[in-house]
Amino acid sequence: MNKYAVWGNPIEQSKSPQIQQHFAAQHNIALQYERILGDEVRFEQQLQDFFAAGGQGCNITAPFKERAFRLADQHSERCLSAEACNTLKKMPDGRLYADNTDGAGLVSDLQRLDWLKPNNTILILGAGGATKGVLMPLLQAQQKIIVANRTLNKAQQLAEKLQSYGTIQAVALDQIPDQRFDVVINATSLGLQGKVVEIQTDILQKCGAAYDMQYSKGEDTPFLALAKKCGTTRTTDGIGMLIGQAAHAFELWFGVMPDSQRLLQQGV
Ligand code: ATR
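Residues numbered from 1 in each chain as written. Predicted model: local features only at pLDDT ≥ 70, side-chain atom pairs only at ≥ 80, totals over all residues. Heavy atoms only, no water.

As recorded by an unreviewed UniProt entry, the protein chain carries the name Shikimate dehydrogenase (NADP(+)) and is attributed to Chelonobacter oris. Within the UniProt record for the protein chain, the comment given under Subunit (unreviewed entry) is "Homodimer." According to its UniProt record, the protein chain has this under Function (unreviewed entry): "Involved in the biosynthesis of the chorismate, which leads to the biosynthesis of aromatic amino acids. Catalyzes the reversible NADPH linked reduction of 3-dehydroshikimate (DHSA) to yield shikimate (SA)." (UniProt positions renumbered as here; feature names shortened; annotations may be inferred.)

So this is what it looks like as structure tokens:
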């Protein structure tokens, strides 16, 4: 039996088991995939025990992505750029390969929405882990990026690090240039507190589309509610990105890309 899992703390909320089981069914793969509550102290040992007991791969979610990154033996380029790992795979020689599929998941979702045109200008709000995870794949997809963050210095560090991959610029949240953005992406953590990042509302009035990396069942996230209030007609939350990152993880493990669209239509 294929033995996989998702690790996090908390973990009950994770939709990864349903998503991966759906993908496995698409390809007639028998999959054992469980949620595991990571221990804040013993996480590394737990993970090593899991692989020693036959585990073949896993997803990693908060707060362990950086620790999994450090534990792995080998990393994909996008994982090195993110400095965080959301997918681990045990290689034939027993060593652990780390990937980060978050950015690829976002790019796939933007493609699905038909929001990913070459040379689009994308405004990303926030410069934390969520942003770091997606910058390289977005730049490789020829998106021009402005990262706006409350702490300017963090955005500047990211822009500097990634400038060889494309056009990327850093600004403070209150210094966002007065221009039209094709897509505004919320990558701040504020929605978790029911809050929305403070930016001039004309940025949302003028933008082509608004994307929230967070998702919520039933009602709009605070960011999307604000975007709609400002008149943005094309809006979406991050459920497609969640399914997309899972699809890219599945591909890493099993060598086939599952159909995300079918799952999105069905709902998770
Ligand atoms: P994540 O891994 O979810 O990205 P994080 O690394 O803690 O979490 O980053 C949170 C992001 O939300 C950061 O960009 C943070 O801005 P700072 O770098 O200035 O801290 C942003 N954020 C959190 N609270 C905020 C607030 N009240 N106003 C504006 N931005 C906020």
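So that's the structure; there's more coming.
Below, the discussion takes up the domain arrangement of the protein chain. Assigned domains within the protein chain: domain 1 (2–101 + 241–266) and domain 2 (116–233). Taken together, the contact pairs 10 residues of domain 1 with 11 residues of domain 2. Overall, the association of domain 1 and domain 2 removes approximately 960 Å² of surface from exposure, summing both partners, and the carbon and sulfur fraction of that is 54%. By the criterion of area lost to domain 2, the three top residues of domain 1 are E77, S81 and M241, representing 49% of everything that side buries. Seen at the junction of domain 1 and domain 2, the total is two salt bridges. E83 is paired through a salt bridge with K132; the nearest N and O atoms lie 2.9 Å apart. (Domains from an automatic or database assignment. Contact = heavy atoms within 4.5 Å. Buried area = accessible area lost by both parts, 1.4 Å probe. Salt bridge = Lys/Arg side-chain N within 4 Å of Asp/Glu carboxyl O.)

In the contact formed by helix α1 (residues 16–26) and helix α11 (residues 239–254), the axes pass within 10 Å of each other and the chain directions differ by 50 degrees. The orientation of α1 with respect to α11, classified from their angle, is oblique. Along this stretch, α1 crosses α11, giving a crossing that reads as right-handed. Contacts between α1 and α11 involve I19, Q20, F23 and A24 from the first element and L242, I243, A246, A247, A249, F250 and W253 from the second. Taken together, the residues that form the contact of α1 with α11 break down as 10 nonpolar, one polar and no charged. (Axes fitted to C-alpha atoms, helices over the stretch in contact; angles between N-to-C directions. Helix = DSSP H or I, 4+ residues; strand = E, 2+ residues; numbered from the N terminus. Parallel < 35°, antiparallel > 145°, perpendicular 65-115°, else oblique. Left-handed = near helix turned anticlockwise from the far one by under 90°. Nonpolar A, V, L, I, M, F, W, Y, C, P; charged D, E, K, R; others polar.)

Right, let's talk about the sheet that holds strand β6 (residues 96–99) for a bit. The mixed open sheet is built from six strands, whose spatial order is β2-β1-β3-β5-β6-β4. Only two strands of the sheet have a single partner each, and these edge strands are β2 (31–37) and β4 (74–75). Bridge count for strand β3 (residues 57–60) against strand β5 (residues 87–90) is three bridges, and the pairing is antiparallel. Residue pairing for β5: G57 is matched across the bridge by K89. Sheet strands in contact with α11 are β1 (2–8), β2, β3, β5 and β6, and its direction is about 5 degrees off that of β5. (Pairing = 2+ DSSP bridges.)

Right, let's talk about the pairing of strand β9 (residues 168–172) for a bit. Where strand β8 (residues 144–149) and β9 come together, five bridges link them in parallel fashion. Residue pairing across strands places I145 opposite I168, the latter belonging to β9. Read as a crossover between parallel neighbours, the route from β8 over helix α8 (residues 152–162) to β9 is right-handed. (Right-handed = clockwise from strand over helix to strand, strands pointing away.)

What surrounds the ligand is a group of 13 residues, the closest being A127, N149, R150, T151 and K154. One of the backbone N or O atoms of A130 is found 2.9 Å from an oxygen atom in the ligand. One nitrogen or oxygen atom from the side chain of T151 is found 2.4 Å from an oxygen atom belonging to the ligand. Contact with the protein chains hides 68% of the accessible area of the ligand, taken as 640 Å² for the molecule alone. For the shell around the ligand, a count of residues per class yields four nonpolar, seven polar and two charged. (Near = heavy atom within 4 Å. Polar contact = N/O pair within 3.5 Å; in protein donor to acceptor, adjacent residues only side chain to side chain. Areas by Shrake-Rupley, 256 points an atom, 1.4 Å probe, with all protein chains shown as cover.)

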